[in-house]
Amino acid sequence: MFGYYLQLALRSFRNSKVLTALMVLAIALGIGASMTTLTVFHVLSGDPIPDKSDRLFYVQLDAASMHGYTSGEEPDRNITRFDAENLLREARGARQAMMSGGFVAVAPDDNRPAFFTDARYTSSDFFPMFDAPLAHGRAWTAEDDASRARVAVISAETNQKVFGGGDSTGKTLRVNGADFRVVGVLGPWMPTPRFWDLSLDRFNSLESVFVPFSTAIEQKLSRMGSMNCWGDSGGDPNALSAPCTWVQYWVELPASTDAAAYRDYLTSYSDQQRTAGRFERPTNVRLRDVPALLDHQKIVPSDVRLQLWLAIGFLVVCLVNTVGLLLAKSLRRASEIGVRRALGASRRAIFAQFLVEAGAIGVAGGVVGLGLALLGLWAVRQNPSSYAALAQLDTTMLLTTFALSIVASLLAGLLPAWRAMQVTPAIQLKSQ
């Protein structure tokens, strides 16, 4: 019966070309606008590391002074270097990493000029903990961390830019005038958002150079990112004992159920530091996995959320218009419906026929709407915002486009189909 209903729908479209074109256009405009914003929202709100996001936890401790203290307030986003090194040394998780962002000058071996680029200073567990893919070589080791070895892992883009690509392990990379031995080259890797340091641009490209945190401190490489100090740092806020928060600390636990035990450990650590006189405030720790952290930090920009709601509202308006057009069309076909009913078609058959017709309009609207969505995403990519380049339609959103279009058109067709099946054949035949 579906094929027969589809033939009736196509015949109806040929008889009402203008009305059909208006309905397809209404659906297409709503789908195009909503899928453009929904795709941007989908890209920005995705899980950057779905295989283990519930086992990676971001640590916050409240080490600030009592000045300006408010009970229950959120601790600073970062922790002190002293606390980070303590937690790293005690190693209560399966893996743990301390880190900070940086900005360094990289000089190629030939006569090309040096260029400035983003860097990440971290500890050895960073790479296995975040599933960083290594195309060549390996990550540095804990022994390299301890010995402040001048080693580096570079991104694929930096490898191409400095060494022309290929396996560059063992080569020398000049960073801020010092020689670093390349031990690893990352493969293509672009977790979105760049969740390990939300104080920097969350949707920017991957850092180009990774070096041990201890080496970066010894080499006095320039640091980048937020910092909060509440006491005398002695002129060096990066010093071990400086009362400044600027280090991000992540821990990987064997299972998400181990979070409560690790939180108890953090609470005990904070109590010990307060007893020792370092912490002044009551114990206030936070331990969030990746989804909870992204949700707390409101990772999706507010303008993107607003645009999504506006687009959904526009889709609803388009559907209301489509309902009106479908109703008008069903009224014009009352005589046709009366004849079909008189020939034995049931109300259920009439209802199904009009739903198939609405679904066919939805498919056509989805095709046109897909083109409008691609055009809208192209316009988004011309935007100067850091997330603009990410606005690409993937397979999931491609299928969502047609699913949303068909579901929306079926919803719009419910009332006209119900009105059509209420047509009384005797009255229609008598009026003819």
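What you see is a predicted model, and the numbers here were worked out from it, not measured in a lab.

What counts, and where the lines are drawn
- Residues numbered from 1 in each chain as written.
- Predicted model: local features only at pLDDT ≥ 70, side-chain atom pairs only at ≥ 80, totals over all residues.
- Heavy atoms only, no water.
- Helix = DSSP H or I, 4+ residues; strand = E, 2+ residues; numbered from the N terminus.
- Buried < 20%, exposed > 50% of the residue type's maximum accessible area, 1.4 Å probe, protein only.
- Polar contact = N/O pair within 3.5 Å; in protein donor to acceptor, adjacent residues only side chain to side chain.
- Contact = heavy atoms within 4.5 Å.
- Pairing = 2+ DSSP bridges.
- UniProt positions renumbered as here; feature names shortened; annotations may be inferred.

Student: Residue-level account of the side chain of Arg-288, with values.
Tutor: Structurally, the position occupied by Arg-288 is in strand β13 (residues 285-289). Accessibility expressed as a relative area gives 15% for Arg-288, which makes it buried. In terms of polar contacts, Arg-288 uses its side chain to reach the side chain of Gln-60, at 2.9 Å. Not counting the four nearest positions on each side in its chain, Arg-288 is found in contact with Leu-56, Phe-57, Tyr-58, Gln-60, Glu-74, Leu-293 and His-296.

Student: Before we move on, can you summarise the pairing of strand β6 (residues 151-154) with the specific residues and values?
Tutor: Of the two faces of β6, the one lined by Val-151 and Val-153 and the one lined by Ala-152 and Ile-154 are each fully buried. Bridge count between β6 and strand β8 (residues 178-186): 4 bridges; the pairing is parallel. Bridging across to β8, Ala-152 finds its partner in Val-182.

Student: Mind laying out unusual backbone geometry, listing which residues take part and the relevant values?
Tutor: The omega torsion across Thr-192 and Pro-193 is 0°, close enough to zero to call that bond cis. Tracing the backbone through its elements, the reader meets Pro-193 in the loop between β8 and β9 (209-212). Located in the positive-phi region is Asn-176, a residue other than glycine, with phi close to 50°. On the secondary structure map, Asn-176 appears in the loop between β7 (172-175) and β8.

Student: With reference to specific residues and values, describe the UniProt feature "domain: MacB-like periplasmic core" (unreviewed entry) in the chain.
Tutor: Taken from the UniProt record, the annotation "domain: MacB-like periplasmic core" (unreviewed entry) applies to residues 20-267. Helix makes up 27% of residues 20-267 and strand 27%, whereas the separation of the span's terminal C-alpha atoms amounts to 66 Å.

Student: Residue-level account of the pairing of strand β4 (residues 115-122), with values.
Tutor: Across the 8 residues that make up β4, a large majority, 7, are buried. The sheet contact formed by strand β3 (residues 95-107) and β4 spans 8 bridges and is antiparallel. Bridge assignment links Ser-100 to a residue of β4, and that residue is Tyr-121. Two elements, β4 and β9, share 4 bridges in a ladder whose sense is parallel. Within β9, the position partnered with Tyr-121 by the bridge is Val-211.

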